[in-house]
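# Descriptive structure summary
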Amino acid sequence: MSLFEDMQCFVRIVEAGSITQAAEQMNTVKSAVSQRLSRLESRLGVQLLIRTTRTQKLTDTGLSYYQSCLNIMDQVLTAEASVKQQNTALAGPIKIAVPLSFGLNHLNRALREFNTIHPAVLFHIDFNDRQVDIVNEGFDLAIRIAHLNDSSLVAKKITQTQLILCASPAYLAKYGTPQHPKDLQQGHVKIHYSQSPDSWKFTDESGSQCQVKVPIELVCNNGDFMRDAAIDGQGLVMIPDFLSYKAIKRGQLVPLLSDYKTNNLLNAYAVYPQNRYVSMRVKKLVNYLTEYFGATPYWQIPKVK
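The sections below set out a description of the structure shown in this document. Keep in mind the model is a prediction, meaning the values are calculated, not measured.

## Focus on the environment of D259
Its location among the elements puts D259 in the loop between β12 (254-255) and β13 (265-273). When its relative accessible area of 34% is taken as the criterion, D259 is described as partly exposed. Considered as a pair, D259 and T203 are 56 residues apart in the sequence and their alpha carbons are 8.7 Å apart.

## Re the pairing of strand β9 (residues 209-212)
The alternating pattern of β9 places C210 and V212 on a buried face and Q209 and Q211 on a face that is not buried. Bridging between strand β8 (residues 200-203) and β9 involves 4 bridges; their strand directions are antiparallel. Looking at β9, one finds that F202 is bridged to C210. Here β8 folds back onto β9, and the loop between the two strands holds 5 residues, one of which, G207, carries a positive phi near 100 degrees.

## Some remarks on the packing of aromatic side chains
Evaluation of the coordinates by the stated rule reveals 14 aromatic pairs. Residues F102 and W299 carry aromatic rings whose centres are separated by 5.8 Å and whose planes lie at 85 degrees to one another, so their mutual orientation is edge-to-face. Pair noted here: F102 is in helix α5 (residues 100-117) and W299 is in the segment after α9 (280-293), with a separation of 197 residues, a long-range link. Residue W299 is classed as buried on the basis of its relative accessible area of 1%. Relative to W299, the ring of F242 has its centre 6.1 Å away and its plane inclined at 70 degrees; by these criteria the two rings are edge-to-face. On the criterion of sequence distance, the pair formed by F242 in helix α8 (residues 241-249) and W299 in the segment after α9 is long-range, its members being 57 residues apart. The class for F242 is buried, based on a relative accessible area of 6%. In this arrangement the basic side chain of K190 is found over the ring face of W200, its NZ or CZ atom lying 4.8 Å from the centre.

## Points about helix α1 (residues 3-16)
Taking 1.5 Å per residue as the helical rise, α1 with its 14 residues ought to reach 20 Å, and the 20 Å between its terminal C-alpha atoms agrees with that figure. For α1, every residue scored as buried is listed here: D6, M7, C9, F10, V11, I13, V14, E15 and A16. Trailing α1 by a residue or two, G17 shows a phi angle of about 95 degrees, which is positive.

## Brief notes about the environment of Y292
Mapped onto the secondary structure, Y292 falls in helix α9. Along the chain, Y292 and I158 lie 134 residues apart, while their C-alpha atoms are 8.7 Å from each other. Discounting chain neighbours no more than four positions away, the residues touching Y292 are R109, A110, E113 and Y298.

## Digging into the layout of surface pockets
Here the largest pocket defines a volume of roughly 1400 Å³. As for the largest pocket, its lining consists of 44 residues, of which I145, Y193, Q195, S196 and L266 are closest to the centre. Top contributing element to the lining of the largest pocket by residue count: strand β5 (residues 141-145), with 4 residues. Among the residues making up the lining of the largest pocket, the classes are represented as 24 nonpolar, 15 polar and 5 charged.

## Remarks on the nonpolar core
By size, the foremost hydrophobic cluster in this structure holds 42 residues, and its most contacted members are I94, I96, F123, L141, I143, L285 and L289. When sequence neighbours within four positions are dropped, the list of residues in contact with L285 reads I94, I96, L111, F114, F123 and L141. In terms of nonpolar packing, the next biggest core, distinct from the first, is built from 20 residues, A16, L48, Y65 and C69 among them.

## As for a nonpolar patch on the surface
A contiguous nonpolar patch, built from L104, I125 and F127 and spanning about 230 Å² of accessible area, is present on the exposed surface. Inspection of the secondary structure assignment puts F127 in strand β4 (residues 121-127). A relative accessible area of 30% places F127 in the partly exposed class.

## Quick word on the side chain of R144
With respect to the helices and strands, R144 occurs in strand β5. For R144, a relative accessible area of 9% corresponds to the buried category. For R144, the side chain forms a polar contact with the main-chain oxygen of V132, separated by 2.7 Å. Other than its neighbours up to four places away in sequence, R144 contacts Q131, V132, I134, L153, N267, A268, Y269 and V271.

## A short note on the pairing of β13
Burial analysis of β13 places 8 of its 9 residues in the buried class, the great majority of the element. Note: β5 against β13, 4 bridges, orientation antiparallel. By the bridge assignment, I145 is partnered in β13 with A268. In terms of strand pairing, strand β6 (residues 153-167) meets β13 through 9 bridges, oriented antiparallel. Looking across to β13, one finds that T161 is bridged to L266.

About the thresholds
Residues numbered from 1 in each chain as written. Predicted model: local features only at pLDDT ≥ 70, side-chain atom pairs only at ≥ 80, totals over all residues. Heavy atoms only, no water. Helix = DSSP H or I, 4+ residues; strand = E, 2+ residues; numbered from the N terminus. Buried < 20%, exposed > 50% of the residue type's maximum accessible area, 1.4 Å probe, protein only. Pairing = 2+ DSSP bridges. Phe/Tyr/Trp six-rings, centres within 6.5 Å; stacked < 30°, edge-to-face > 60°. Lys NZ or Arg CZ within 6 Å of the ring centre and 35° of its normal. Expected span 1.5 Å × (residues − 1). Contact = heavy atoms within 4.5 Å. 1 Å grid on protein atoms, 1.4 Å probe; cavity = no way out; pocket = protein on both sides within 12 Å on 5 of 7 lines; lining within 4 Å. Points joined across faces, edges and corners; volume = space filled by probe spheres on them. Nonpolar A, V, L, I, M, F, W, Y, C, P; charged D, E, K, R; others polar. Core = buried A, V, L, I, M, F, W, Y, C linked by side-chain atoms within 4.5 Å. Patch = residues over 30% accessible without salt bridge, like charges linked within 9 Å, V, L, I, M, F, W, Y side chains within 5 Å. Areas by Shrake-Rupley, 256 points an atom, 1.4 Å probe, with all protein chains shown as cover. Salt bridge = Lys/Arg side-chain N within 4 Å of Asp/Glu carboxyl O. Polar contact = N/O pair within 3.5 Å; in protein donor to acceptor, adjacent residues only side chain to side chain.

On their own, these measurements won't tell you what the molecule is for.
Have a look at this one:
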């Protein structure tokens, strides 16, 4: 085996967190990965990892070597990819994690159109609202709609969305149309997203803020279900415009309290690890998605008074 392959194996062990996980991601046996690490440490004459039955930790020398390996691998793979891709079409797998509702409602068409342009790209798509561990689970990238706080990831904005408070005409006819956030506490109920705060915060045009806690009618973790429940008149709902825009255009849902800000603007990002070579096909996909949705996504609706 070549030194470069042993370096790649070492990097995979570090990023996967264990030899067992690295072997699974490399589709090989644990003993083969362990032998490569032992051979590399023997060649260098140093211990790179301190290993126990349950944990592993880089030595100081191991950390320095890991960072050097990343730089070398990036240079080699970039040079190789540059030569190959001058005269070849995009080809190979892309393992991507996407939010369930956004993925099914909007990314599905974008990914299919990308595949039509580049038919040799093979997508492995995980539609799931959980936040995957990109490195340990072997993803090339993930799409996340959130305020990001993970500095270990590179994030490129591909589009944006905003949360809109709305309700059905039938619900408003029964409970009344709120004119001020405090009106929400007068007999109203809401459909609650399980991972969001219990209270809604509002800011008026003068900058004054108020916080409102509305009684919960039901709790769920899927935006499509929340939208449909709101259309059926089960309660108020605060959901992204990429889920509500069609229902609003059809008159099935009515935006509320549009004069009040709710810290509702969220960006959708393509995220991937900082210290990992990013293939040209992944870069092309990220750029394609950015152009596909554009600065003003098609689901954005005008402000309603």
